[in-house]
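Observations on chain architecture
Spelled out, the chains give:
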Amino acid sequence: MAPGVGIKEVAREAGVSVGTVSNVINRPDSVSEETRARVLSTIERLGYVRQESARQLRAGHSRIIALLVLDMANPFFVDVARGAERAAREAGLGVMVCNSAQSPEEEADYLGLFAEQRVRGVLMTPADMTGRNLASFRRQPIPFVLVDRVLPSAEGCSVSVDDVTGGELAARHLLGLGHPSLAYVSGPMRLAQCRDRREGALRALRERGLGESALRHVEVDRLDVTCGRDAGARLLGMSPRPTAVFCANDLLALGVLQSLYGAGVSVPGEVALVGYDDIEFAAAAAVPLTSVRQPAFRMGRTAAELLIEETGERAGDHRHQRIVLQPELVVRGSSLVRSRG
């Protein structure tokens with residue numbers, strides 16, 4: 001595209017007014033076929049691209065929704081983004097996806113960028129659990145919806161999954177197979193998901209009259225495969241070694257599986273393993289992974305629909321909602337055999 005080509009240059013080259021060029025772009029039916037063809041030919045020849053950001057500022061709103069996720073390397077968030085993108089496209093909007101990489105500092109930078117760009121609204125899974133970043137962003141006149149986090153409905157919309165129930169499903173499954181105790185591998189406990197999934201596991205233990213000591217907790221820095229491998233090495237060094245392991249997400253579980261496999265430990269023969277999220281790779285693992293399924297696509301779509309409603313023509317009728325979806329356990333080969341010691 002030629003630098004600096006604007007609507008005035010197009011009008012001059014086509015021999016029409018600036019208003020006519022604008023009509024060709026925005027209201028083509030109001031321009032004669034001959035004039036429209038001449039203007040469009042000139043636009044193509046000059047490589048003109050309309051200044052969308054300026055148009056948005058004049059209109060007072062953007063056609064872009066920002067989606068800020070914790071970790072784009074996690075297929076769970078890819079599915080969330082797919083759901084949000086589908087709802088946005090149906091509404092004639094676009095989605096800008098950004099990755100905080102689980103960093104509160106990067107999250108703050110992106111929120112500042114969203115404010116500068118005056119995006120239509122923001123979908124976000126917060127990395128900063130102190131709430132400071134979100135509190136600062138609330139001073140901007142930009143609506144937001146939390147994804148995979150619970151927010152009191154009086155403060156805004158949120159779409160999440162009942163992670164306590166999810167942790168309970170996973171632990172209840174393993175205990176039902178006859179395992180007397182569990183190990184729980186989680187990311188940082190500052191993350192609400194990690195805390196809630198642990199609480200669910202503890203509830204399942206309490207149902208069976210077992211105390212907190214029956215849950216050995218391995219905490220790692222990040223929710224990824226590398227940290228899962230590190231957790232697997234720690235599990236291998238425990239005495240006695242756990243016969244049942246519940247991981248706070250599938251990436252951790254896949255890393256644990258790699259460590260156990262590398263050490264010659266049979267899954268599920270010696271160690272039963274359960275993950276969380278039910279990403280596509282879970283079913284395709286060397287040992288298909290039992291996992292707690294989150295409706296990620298639906299979560300992203302629902303969150304985007306709430307944001308679109310809040311920023312659309314009927315915004316005055318919008319009421320903040322806190323939507324909590326339910327998880328389900330998907331049983332596969334990684335947990336089906338009870339260890340015989």
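Just so you know, these numbers come straight off a predicted model, no measurement behind them.

Rules of the game
- Residues numbered from 1 in each chain as written.
- Predicted model: local features only at pLDDT ≥ 70, side-chain atom pairs only at ≥ 80, totals over all residues.
- Heavy atoms only, no water.
- Domains from an automatic or database assignment.
- Contact = heavy atoms within 4.5 Å.
- Buried area = accessible area lost by both parts, 1.4 Å probe.
- Salt bridge = Lys/Arg side-chain N within 4 Å of Asp/Glu carboxyl O.
- Polar contact = N/O pair within 3.5 Å; in protein donor to acceptor, adjacent residues only side chain to side chain.
- Helix = DSSP H or I, 4+ residues; strand = E, 2+ residues; numbered from the N terminus.
- Nonpolar A, V, L, I, M, F, W, Y, C, P; charged D, E, K, R; others polar.
- Axes fitted to C-alpha atoms, helices over the stretch in contact; angles between N-to-C directions.
- Parallel < 35°, antiparallel > 145°, perpendicular 65-115°, else oblique.
- Left-handed = near helix turned anticlockwise from the far one by under 90°.
- Buried < 20%, exposed > 50% of the residue type's maximum accessible area, 1.4 Å probe, protein only.
- Pairing = 2+ DSSP bridges.
- Right-handed = clockwise from strand over helix to strand, strands pointing away.

Attention now moves to the domain arrangement of the protein chain. Parsing the protein chain into structural domains produces domain 1 (7-50), domain 2 (62-160 + 296-326) and domain 3 (163-294). Between domain 2 and domain 3, the residue contacts involve 15 residues of the former and 15 residues of the latter. For the pair domain 2 and domain 3, the summed buried surface comes to about 1300 Å²; carbon and sulfur atoms form 45% of the total. For the domain 2 face of the interface with domain 3, the top three residues by lost area are P75, Q102 and M129, together amounting to 37%. Applying the counting criterion to the domain 2 and domain 3 interface returns 0 salt bridges. Counting every contact that joins domain 2 to domain 3 gives 5 residue pairs in polar contact (both at pLDDT 80 or more). The set of elements that each furnish at least two residues to the side of domain 2 that touches domain 3 consists of α5 (75-90) and α13 (296-311). Looking at the side of domain 2 that touches domain 3 residue by residue, the class counts come to 8 nonpolar, 4 polar and 3 charged.

Now for the packing of α5 against α13. To characterise two packed helices, one gives the angle between the axes of the helices and the distance between these axes. In contact at an axis separation of 6 Å, α5 and α13 are set at 40 degrees when each is read in the N-to-C sense. With respect to α13, the element α5 is oriented oblique. α5 and α13 meet at a crossing whose hand is right-handed. The segment α5 lies against α13, with F76, D79, V80, R82, G83, A84, R86, A87, A88 and E90 engaging A296, F297, M299, G300, R301, A304, E305 and I308. Its residues assigned to classes, the contact of α5 with α13 shows 10 nonpolar, 2 polar and 6 charged.

Neither face of strand β3 (residues 121-124) is exposed, since G121 and L123 on one face and V122 and M124 on the opposite face are all buried. Looking at chain direction, β3 and strand β4 (residues 144-147) are connected through 3 bridges and run parallel. Paired with V122 across the two strands is F144, which belongs to β4. Read from β3 through helix α7 (residues 132-137) to β4, the crossover connection turns out right-handed.

The next subject is unusual backbone geometry. Across the chain, the bulk of peptide bonds are trans and the bulk of non-glycine residues have phi less than zero. In this chain, S239 is followed by P240 through a cis amide linkage whose omega measures -5 degrees. Among the structural elements, P240 can be located in the loop between α10 (225-236) and β8 (244-247). For the bond running from V267 to P268, omega is 10 degrees, close enough to zero to count as cis. Within the fold, P268 resides in the loop between α11 (250-262) and β9 (272-277). With a phi angle near 60 degrees, Q102 is a residue other than glycine that sits in the positive phi range. If you trace the backbone, Q102 turns up in the loop between β2 (94-99) and α6 (104-117). One non-glycine residue with positive phi stands out, namely D148, at about 65 degrees. Here D148 shows up in the loop between β4 and β5 (157-161).

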